[in-house]
Amino acid sequence: MSQFQPLGDKLVVKPMEADEMSSGGIIIADLENQRTIKAQVLAAGPGTYQFGQFVPTDVQVGDLVIYQHFSALKFEYQNEEYHTVKASEIICKLKKDEK
């Protein structure tokens with residue numbers, strides 16, 4: 001069970017190590033604001049209201065997601081780096097066979 005309980009449509013995610021070299025041996029440049037991040041969802045808020053209707057978060061704990069680097073707020077807890085990101089900032093969820 002996670003020690004985090006996000007509010008609204010916020011997620012707490014654990015970023016995964018990015019590959020700095022492609023499978024073909026090409027070094028990948030780290031363009032800080034253009035980079036996407038792959039992360040595992042550790043905790044998800046219940047959702048948010050839009051136009052008077054409650055919209056539940058469609059990302060669940062355990063999902064692997066991709067988001068833009070600039071979308072995340074970084075924080076440290078017990079010497080580990082975590083990110084918070086709004087569910088609406090998630091670019092995609094990875095399917096089970098792509099993890």
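### Some remarks on the packing of aromatic side chains
Reasoning step 1: Counted under the stated rule, the structure contains five aromatic pairs.
Reasoning step 2: Between Phe-4 and Phe-75, the ring centres sit 5.7 Å apart and the planes meet at 85 degrees, which makes this aromatic pair edge-to-face. Taken together, the residues span a long stretch of sequence, with Phe-4 in the segment before β1 (10-15) and Phe-75 in strand β6 (residues 73-77) at a distance of 71 residues.
Reasoning step 3: What makes Phe-4 buried here is its relative accessible area of 15%.
Reasoning step 4: Here the aromatic residues Phe-4, Phe-75, Tyr-77 and Tyr-82 are joined through ring pairs into a cluster of three or more.
Reasoning step 5: Here Lys-14 stacks its cationic end above the ring of Tyr-82, 5.2 Å away from the centre of that ring.

### A short note on the side chain of His-69
Reasoning step 1: Inspection of the secondary structure assignment puts His-69 in the loop between β5 (64-68) and β6.
Reasoning step 2: The class for His-69 is buried, based on a relative accessible area of 8%.
Reasoning step 3: Of note is the side chain of His-69, whose polar atom sits 3.3 Å from the side chain of Lys-74.

### Describing the sheet that holds β6
Paired through backbone hydrogen bonds, the strands of a sheet run either parallel or antiparallel to each other.
Reasoning step 1: Read from one edge to the other, the open sheet built from six strands follows the order β6-β7-β1-β2-β5-β8, with strand pairing classed as antiparallel. Sheet topology places β6 and β8 (90-93) at the edges, where each strand pairs with a single neighbour. If you compare each strand with its neighbour and ignore which way they point, the axes differ by 40 degrees on average.
Reasoning step 2: Pairing geometry for strand β2 (residues 36-44) and β5, over five bridges, is antiparallel. Pairing of Gln-40 across the sheet is with Leu-64, part of β5.

### Structural notes on the environment of Gly-8
Reasoning step 1: The topology assignment puts Gly-8 in the segment before β1.
Reasoning step 2: In this structure Gly-8 comes out as partly exposed when scored by relative accessible area, which is 26%.
Reasoning step 3: Sequence-wise, Gly-8 and Ala-44 are 36 residues apart; in three dimensions their C-alpha atoms are separated by 8.6 Å.
Reasoning step 4: In this structure, Gly-8 is in contact with Gly-45, Pro-46, Gly-47 and Thr-57, ignoring residues within four places of it in sequence.

### Things to note about the pattern of salt bridges
Reasoning step 1: All chains considered together, the criterion is met by two salt bridges.
Reasoning step 2: Between Lys-14 and Glu-80 there is a salt bridge, with the nearest N and O atoms lying 2.7 Å from each other. With Lys-14 in strand β1 and Glu-80 in strand β7 (residues 80-86), this residue pair connects regions lying 66 residues apart in the sequence.
Reasoning step 3: Residue Glu-80 is classed as partly exposed on the basis of its relative accessible area of 36%.
Reasoning step 4: A salt bridge links Lys-93 to Asp-63; the nearest nitrogen and oxygen atoms lie 3.8 Å apart. With Lys-93 in strand β8 and Asp-63 in the loop between β4 (53-56) and β5, this pair connects stretches of sequence that are 30 residues apart.

Rules used in this analysis
Residues numbered from 1 in each chain as written. Predicted model: local features only at pLDDT ≥ 70, side-chain atom pairs only at ≥ 80, totals over all residues. Heavy atoms only, no water. Phe/Tyr/Trp six-rings, centres within 6.5 Å; stacked < 30°, edge-to-face > 60°. Helix = DSSP H or I, 4+ residues; strand = E, 2+ residues; numbered from the N terminus. Buried < 20%, exposed > 50% of the residue type's maximum accessible area, 1.4 Å probe, protein only. Lys NZ or Arg CZ within 6 Å of the ring centre and 35° of its normal. Polar contact = N/O pair within 3.5 Å; in protein donor to acceptor, adjacent residues only side chain to side chain. Pairing = 2+ DSSP bridges. Axes fitted to C-alpha atoms, helices over the stretch in contact; angles between N-to-C directions. Contact = heavy atoms within 4.5 Å. Salt bridge = Lys/Arg side-chain N within 4 Å of Asp/Glu carboxyl O.

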